[in-house]
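Residue-level structural notes
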Amino acid sequence: MDKLYFITGSQDLYGEETLVKVAEDSRSMAEYLDKALGDVAEVIWKPTVLNSDQIIKVCTQASADQECVGVITWMHTFSPAKMWIKGLQILNKPMLHLHTQANERLPYDKIDMDFMNLNQSAHGDREFGFICTRLGIAREVVAGYYEHPEVVSRIRRFAEVAGAIAFSRNLKVAMFGNNMREVAVTDGDRVESQIRYGWEVNYHPIGDLVKLFDEITDEQIDARIGEYRDLYDFASDDISSVKEQAKYEIALDRFVTEGGFGAYTDTFQDLYGLKQLPGLATQRMQGKGIGFGAEGDYKTAALNAVLNRMGTKRDGATGFMEDYTYDLTPGEELVLGAHMLEVSPVFAATKPKIEVHPLGIGNREDPARLVFDGIQGDGVVICMVDLGDRFRLVCAKVKLVKQPHPMPQLPVARLMWKLVPDFSTGTEAWLNAGGGHHTVLSTAIDAEHIRLFAKLTGTELYMIDENTVSGR
Ligand code: MN
């Protein structure tokens, strides 16, 4: 399980009695948060740090501990912040500065100077906050009594984002083929992506996948078809097309497992050795948490995997999406989101049907795919663009709605949503921000997750929500 170190700052001026109380309070606070976070993360109490050497030691330990995804810092008393400089320069994990107290209320009848000296985070956390700002450390600051549900929920969100950042730093993305010819928004600086987010994005010829086909047996394919029959309705008699996709899925499973990949891209322009564009196969891979970006879109593939990881302990769904077409009925404007094939079945509101239809692009056989109507509820769509000297995240809050009418002729899975605050403001803001057509859609995480991810990774964020005003 992901671990968060709970580090409490103090100094050695207060005497033994005070420090015993500091240790006691911080330990029970860490234990409370550990329980409250459940299976999201384990909160590990660390002994109070009193001087520069101890701070260097615990920051070095947090930085080197592979299971530690972040640290929570809290100054129970005053902790002179020059002592923190060297340790904070070493710390390479996301930080949450928890501005709280051991006591919720003031004991008005008993309060004396001893109480004041022990419970002075109002004072000590300001000293600590100053040095973090002076050092330019990106961190989350959460203020409030640590048992309050809103405070716990923000710490939980930090744990989810920090866990996703740790995952991101180890993420490998396979690009089968390159970026689709001439397309701008899906391209990007892979070196900078690795420096900032840790993504190792490398090209693999599709032949690396094709050569795995030889070792796949009919029994393996039949077993996979059996799985499909349990989960989906077959709306096609073209079993050979479905078997072809099952073969791709088995090969992809092996490829990502053996190579340690968390995401991949493909492109219809490079399908040598494949009879079909992977459709059902890629939908299934996404359903297993593997990130995907179409047409060589490595940024969306990586972001998809990272946001999957972020929402993994939450209800809701996350996957690759594309803004396709609109219903422009006045006041009822809707976006229809879909892709040529590759919408994740995690978005299915109805039992997916396996259908086989021609694909007007890529010049291959008719691919099998899952077709379904999408879920409803609040969500976010997120796009990452490369602006040349920086990455930008564009995030829009949306309301997923039931499609107003059936679309029996549409051969792909589809979702529909309303933009916030309204169609023209939302889309104009998106276009002004340079947001692309490929996105990650999620109902598991919210705009606050994206804000925090942007903050902790130093990424520019353009948020489109109910407060967005028309840019005209
Ligand atoms: Mn596309």
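Quick notes on the rules
- Residues numbered from 1 in each chain as written.
- Predicted model: local features only at pLDDT ≥ 70, side-chain atom pairs only at ≥ 80, totals over all residues.
- Heavy atoms only, no water.
- Pairing = 2+ DSSP bridges.
- Helix = DSSP H or I, 4+ residues; strand = E, 2+ residues; numbered from the N terminus.
- Axes fitted to C-alpha atoms, helices over the stretch in contact; angles between N-to-C directions.
- Domains from an automatic or database assignment.
- Contact = heavy atoms within 4.5 Å.
- Buried area = accessible area lost by both parts, 1.4 Å probe.
- Salt bridge = Lys/Arg side-chain N within 4 Å of Asp/Glu carboxyl O.
- Polar contact = N/O pair within 3.5 Å; in protein donor to acceptor, adjacent residues only side chain to side chain.
- Donors = N, O, S within 2.8 Å, 3.2 Å for Na, K, Ca; no water.
- Buried < 20%, exposed > 50% of the residue type's maximum accessible area, 1.4 Å probe, protein only.
- Parallel < 35°, antiparallel > 145°, perpendicular 65-115°, else oblique.
- Nonpolar A, V, L, I, M, F, W, Y, C, P; charged D, E, K, R; others polar.
- Core = buried A, V, L, I, M, F, W, Y, C linked by side-chain atoms within 4.5 Å.
- Phe/Tyr/Trp six-rings, centres within 6.5 Å; stacked < 30°, edge-to-face > 60°.
- Lys NZ or Arg CZ within 6 Å of the ring centre and 35° of its normal.

Another point: the sheet that holds strand β6 (residues 172–176). Pairing is parallel in the open sheet, where four strands are placed in the order β7-β6-β9-β10. Here the strands that pair on one side only, and so sit at the sheet edges, are β7 (200–204) and β10 (291–293). If you compare each strand with its neighbour and ignore which way they point, the axes differ by 20 degrees on average. Two elements, β6 and β7, share five bridges in a ladder whose sense is parallel.

The domain boundaries assigned to the chain delineate domain 1 (3–167) and domain 2 (172–464). Here domain 1 and domain 2 have C-alpha centroids that lie 39 Å from each other. At the interface, 17 residues of domain 1 touch 15 residues of domain 2. Of the roughly 1600 Å² buried between domain 1 and domain 2 on both sides combined, carbon and sulfur atoms contribute 62%. The three residues of domain 1 that bury the most area against domain 2 are Arg-157, Val-161 and Phe-167, which together make up 34% of that side's buried surface. Remark: the boundary between domain 1 and domain 2 carries four salt bridges. The shortest N-O distance in the salt bridge between Glu-140 and Arg-451 comes to 3.0 Å. On the surface where domain 1 and domain 2 come into contact, there are eight residue pairs in polar contact (both at pLDDT 80 or more).

Turning our attention to the sheet that holds strand β8 (residues 233–234). Paired through backbone hydrogen bonds, the strands of a sheet run either parallel or antiparallel to each other. One open sheet holds the three strands; their spatial order is β8-β13-β14, and the pairing between them is mixed. The open sheet has two free edges, formed respectively by β8 and β14 (368–371), since each of these has just one partner strand. Bridge count between strand β13 (residues 353–356) and β14: four bridges; the pairing is antiparallel. What sits directly across from Val-356, in β14, is Ala-368.

We now examine the coordination of the manganese ion. Ideal geometry at a metal centre gives angles of 109.5 degrees when four donors are arranged tetrahedrally and 90 or 180 degrees when six donors are arranged octahedrally. Only Glu-295 (OE), Glu-322 (OE), His-339 (NE2) and His-438 (NE2) from the protein reach the manganese ion as donors, at distances of 2.1 to 2.2 Å. Each donor residue of the manganese ion lies on the same chain, and together they follow the pattern E-x26-E-x16-H-x98-H. Of this pair, Glu-322 sits in strand β11 (residues 318–327) while His-339 sits in the loop between β12 (334–337) and β13, placing them 17 residues apart in sequence. Judged on exposure class, the residue Glu-322 and its partner His-339 are both buried.

Relative placement of two packed helices is described by the angle separating their axes and the distance separating the axes. Taken N-terminus to C-terminus, the directions of helix α9 (residues 218–231) and helix α10 (residues 239–259) make an angle of 105 degrees; their axes are 9 Å apart at the nearest point. In terms of orientation, α9 lies roughly perpendicular with respect to α10. Between α9, through Gln-220, Ile-221, Asp-222, Arg-224, Ile-225, Tyr-228 and Arg-229, and α10, the contact on the second element is made entirely by Ile-239, Val-242, Lys-243, Gln-245, Ala-246, Lys-247, Glu-249, Ile-250 and Asp-253. Classifying every residue of the contact of α9 with α10 gives seven nonpolar, two polar and seven charged.

What follows deals with the nonpolar core. Of all hydrophobic cores here, the largest spans 64 residues; its most connected members are Leu-209, Phe-347, Leu-415, Trp-417 and Leu-441. The greatest single-element share of this core, amounting to eight residues, is contributed by α10. Not counting the four nearest positions on each side in its chain, Leu-441 is found in contact with Ala-317, Thr-318, Gly-319, Met-321, Phe-347, Val-380, Val-381, Val-398, Leu-400, Leu-415 and Trp-417. The next biggest cluster of nonpolar side chains, apart from the first, holds 55 residues, and it includes Leu-33, Val-151, Trp-199 and Met-310.

A few words now on the pairing of strand β18 (residues 438–442). In terms of burial, β18 is a largely internal element, five of the five residues being buried. In β18, alternate side chains face the same way, and those of His-438, Val-440 and Ser-442 on one face and Thr-439 and Leu-441 on the other are all buried. Relative to β18, β11 runs antiparallel, the two sharing five bridges. Each bridged residue has a counterpart across the sheet, and for Gly-319 the counterpart in β18 is Leu-441. Here three bridges tie strand β15 (residues 377–386) to β18, and the two strands are oriented antiparallel to one another. Counted as the bridge partner of Val-380 is Ser-442 from β18.

In this structure the tally under the stated criterion is 15 aromatic pairs. Aromatic side chains Tyr-197 and Phe-453 sit 6.3 Å apart centroid to centroid with 15 degrees between the ring planes, which places their arrangement in the stacked category. Placement of the pair is Tyr-197 in helix α7 (residues 190–197) and Phe-453 in helix α14 (residues 447–457), with a sequence separation of 256 residues. Each member of the pair, Tyr-197 as well as Phe-453, carries the same accessibility label: buried. Ring pairs connect the aromatic residues Phe-176, Phe-255, Phe-261, Tyr-264, Phe-292 and Phe-320, which therefore count as one cluster. Taking the ring centre of Tyr-5 as reference, the NZ or CZ of Lys-46 above it sits at 4.4 Å. Positioned above the aromatic ring of Phe-261, the side-chain terminus of Lys-172 is 5.3 Å from the ring centre.

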